[in-house]
Amino acid sequence: MNLCIHERDGEKKVFDGRQVYWLHTPEKTGGRYSSICTVSYDPGAKAKPAHAHDNGEETVYVLSGTGKVKVGDEVMGLEPGTLVLFPQGVPHMVWNTGDIPLHMVCFYAPNADAIQYTFYEDFDF
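Rules of the game
- Residues numbered from 1 in each chain as written.
- Predicted model: local features only at pLDDT ≥ 70, side-chain atom pairs only at ≥ 80, totals over all residues.
- Heavy atoms only, no water.
- Salt bridge = Lys/Arg side-chain N within 4 Å of Asp/Glu carboxyl O.
- Buried < 20%, exposed > 50% of the residue type's maximum accessible area, 1.4 Å probe, protein only.
- Phe/Tyr/Trp six-rings, centres within 6.5 Å; stacked < 30°, edge-to-face > 60°.
- Helix = DSSP H or I, 4+ residues; strand = E, 2+ residues; numbered from the N terminus.
- Lys NZ or Arg CZ within 6 Å of the ring centre and 35° of its normal.
- Disulfide = S-S within 2.5 Å.
- Pairing = 2+ DSSP bridges.
- Axes fitted to C-alpha atoms, helices over the stretch in contact; angles between N-to-C directions.

A short note on the pattern of salt bridges
Counted by the stated rule, this structure contains one salt bridge. Between Glu 11 and Lys 13 there is a salt bridge whose closest N-O contact spans 3.2 Å. On the basis of relative accessible area, Glu 11 is assigned to the partly exposed category, the value being 40%.

Set out below in structure tokens:
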């Protein structure tokens, strides 16, 4: 089990115009409530086909690059610092409209129990 992992050590998946690195999955980290990957879209690349998540939601955060995202009927611009929620069951698609890779972190939460917290106020470095 890896509690700390670098992107270069993630499980790499290559799709048409994009590369995905799975960093946090139950198999890699032992985490039970969420999964995280990074994705890099080549200039001009789109996430095709559009898709929806039937059993959870996805949140993406843009690290670098620019593009557009379509969530349901809404189209929005992407730039570094942008966060987008893809609600459960809503079709969505990403498009790199810039001239450099569009690099994002994708968070997946399949379970509503993930919003429950236990606090450890004395935990520190």
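Describing the packing of aromatic side chains
Scanning all chains against the criterion turns up one aromatic pair. Judged by centre distance (5.4 Å) and plane angle (35°), the ring pair of Trp 22 and Tyr 108 falls under tilted. Taken as a pair, Trp 22 in strand β2 (residues 18–24) and Tyr 108 in strand β9 (residues 102–109) lie far apart in primary sequence, 86 residues in all. Here the basic side chain of Arg 18 rests over the ring of Phe 15, its NZ or CZ set 4.8 Å away from the ring centre. Against the face of Trp 95 rests Lys 46, its NZ or CZ located 4.4 Å from the ring centre.

Concerning the state of the cysteines
Scanning all chains against the criterion turns up zero disulfides. With no disulfide of its own, Cys 37 has Cys 106 as its nearest cysteine by sulfur position, at a separation of 4.1 Å.

Observations regarding the sheet that holds β2
Spatially, the six strands line up as an open sheet ordered β1-β2-β3-β9-β4-β7, and their pairing is antiparallel. The open sheet has two free edges, formed respectively by β1 (11–15) and β7 (83–86), since each of these has just one partner strand. Sheet twist, expressed as the average angle between the axes of neighbouring strands with direction ignored, equals 20°. Relative to β9, strand β4 (residues 57–64) runs antiparallel, the two being bridged by seven bridges. Among the inter-strand pairings, Ser 64 is bridged to a residue of β9, identified as His 103.

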